[in-house]
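# Remarks on the overall topology
Each chain is listed here by its residues.
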Amino acid sequence: MPDLRHEFPLDEGLIYLNHAAVGVWPRRTAEAVKQFADENMCRGAQHYPAWMQREQSLRQRLAWLVGAASTEDIALLKNTSEGLSLIAAGLDWQTGDNVISSNQEFPSNRIVWESLARQGVELRQADISGEDPEAAIIACMDGQTRLLSVSSVQFAGGLRLDLKRLGEACRERGILFCVDAIQSLGALSFDAGACHADFVVADGHKWMLGPEGVALFYTHPEARERLRLTQFGWHMVEHAGDFERRDWRPAKSARRFEPGSPNTPGIHALDASLSLLQQAGMAQVEAGVLQRTAWLTEAVLHDEGFELLSPVRPERMSGIVSFRRRDLDAKEHAALYRHLMQAGTVCALRGGGIRFSPHFYTPMQHLGEALTMAREWSPVA
Ligand SMILES: Cc1ncc(COP(=O)(O)O)c(C=O)c1O
């Protein structure tokens with residue numbers, strides 16, 4: 001296990017419970033970016049081949065994280081929304097087709113499918129608030145369903161879906177399966193093959209502990225072939241770098257989705273961040289995340305003043321615990337949120353309550369301190 005105190009030298013007094021929004025960089029990431037900045041200042045791109053090696057290293061780490069069979073299945077995009085948009089723009093839709101999603105999705109995974117209405121494609125948003133969310137999703141499927149697109153973990157309450165069950169249902173019916181994994185990759189183990197995912201999309205700035213603006217776009221080789229390309233440039237062709245060549249074809253690999261120059265500072269940063277997760281091991285990281293979630297869940301449940309807005313069943317848990325104070329209305333929750341932020345407890349206001357999202361390195365005592373602060377605050381009369 002890496003030295004977590006050394007890697008996360010947060011300001012004295014700061015409690016950071018916001019990895020479901022934007023995570024913290026480990027020390028090694030900050031150092032990698034500083035070094036890269038110095039290199040650019042002193043030597044420019046003299047050692048560009050080394051940058052390309054860093055890019056390949058990142059593809060390897062992402063393939064490991066998502067459970068891809070090959071680095072060929074990994075494209076590096078700007079963000080989750082871009083990946084979802086490439087899928088929506090790339091599939092050959094027919095009037096009357098439908099896409100299934102849930103009614104708890106982050107806007108990125110709703111708006112993009114709503115945009116297909118002008119092509120006669122219907123978005124069905126399954127109500128996943130009941131006991132069996134997967135059954136509710138599967139019940140929406142019919143002969144016109146082309147794609148299921150859900151988040152592995154819902155952003156507001158942290159509900160974790162059974163991806164294997166959903167992937168199997170899709171496979172049986174010939175439906176494509178797209179997973180927005182931004183709220184689980186880097187926190188929970190993931191296996192794209194085991195859940196039969198055709199597409200997996202996730203930016204690196206949350207649980208992966210990286211910067212904004214570098215995202216994973218996993219495509220299964222067969223699904224990849226089904227996406228019509230919508231962006232073009234020197235970098236997405238099979239013989240990238242052969243600038244004299246006039247004929248071209250798209251790269252066989254997922255690089256075909258990367259039209260031009262890569263985000264090299266972001267790549268250096270995310271590669272360093274993932275090296276930490278790799279060193280710790282995803283089983284250990286997941287155990288640490290779930291230990292914190294279980295602790296917070298218990299503490300909220302045992303306090304009559306709080307109402308838990310997140311799942312209680314262990315298999316539904318993720319890194320997110322949301323709750324509200326029974327005595328406060330929406331406006332007062334917004335004031336409580338501002339108070340917590342001003343006091344140095346970084347969290348979010350989501351789904352009608354306060355959302356805490358610690359990571360595996362978060363000191364356990366910070367959880368109790370943050371809850372006490374939330375319990376003891378009172379609205380100014
Ligand atoms: C489930 C989910 N999807 C997507 C995003 C953001 O997507 P992007 O990487 O496009 O900014 C978020 C951010 O909170 C999210 O929670």
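Before going into details, it helps to say that this report is about the structure given with it.

With that settled, consider the sheet that holds strand S4 (residues 122-126). Spatial ordering of the open sheet is given by S2-S8-S7-S6-S5-S3-S4, a layout of 7 strands whose pairing is mixed. Each edge of the open sheet is held by one strand with a lone partner, namely strand S2 (74-77) and S4. Averaged over all neighbouring strand pairs, the angle between strand axes comes to 20°, with direction disregarded. One ladder, built from 4 bridges, connects S2 with strand S8 (residues 215-219); its direction is antiparallel. Its bridge partner being in S8, Ile74 is matched across the sheet by Tyr218. Helix H3 (residues 48-66) rests against S2, strand S7 (199-203) and S8 of the sheet, and its axis sits at about 115° to S2.

This part is about helix H7 (residues 163-173). Of the residues making up H7, those classed as buried are Leu163, Leu166, Gly167, Ala169 and Cys170. Angularly, the buried residues of H7 cover 160° about the axis, an arc narrow enough to put them on a single face. Summarising the geometry of H7, the exposed residues directed more than 90 degrees from the buried face are Arg171 and Glu172. Looking at the buried positions of H7, the neighbouring elements they touch are helix H6 (133-139), strand S5 (145-151) and strand S6 (176-180).

If you trace the backbone, Ser318 turns up in the loop between strand S9 (306-308) and strand S10 (321-325). The class for Ser318 is buried, based on a relative accessible area of 1%. Distance in space between the C-alpha atoms of Ser318 and Phe257 is 30 Å, their sequence separation being 61 residues. Setting aside residues up to four positions removed in sequence, Ser318 forms contacts with Val153, Gly158, Leu188, Val289, Leu290 and Thr293. A polar contact of 2.8 Å, which involves the side chain of Ser318, links it to the backbone oxygen of Gly158.

Criteria and cut-off values
Residues numbered from 1 in each chain as written. Predicted model: local features only at pLDDT ≥ 70, side-chain atom pairs only at ≥ 80, totals over all residues. Heavy atoms only, no water. Pairing = 2+ DSSP bridges. Helix = DSSP H or I, 4+ residues; strand = E, 2+ residues; numbered from the N terminus. Axes fitted to C-alpha atoms, helices over the stretch in contact; angles between N-to-C directions. Contact = heavy atoms within 4.5 Å. Buried < 20%, exposed > 50% of the residue type's maximum accessible area, 1.4 Å probe, protein only. Arc of directions from axis to C-beta. Polar contact = N/O pair within 3.5 Å; in protein donor to acceptor, adjacent residues only side chain to side chain.

Limitation: the analysis is restricted to geometry and does not speak to function.
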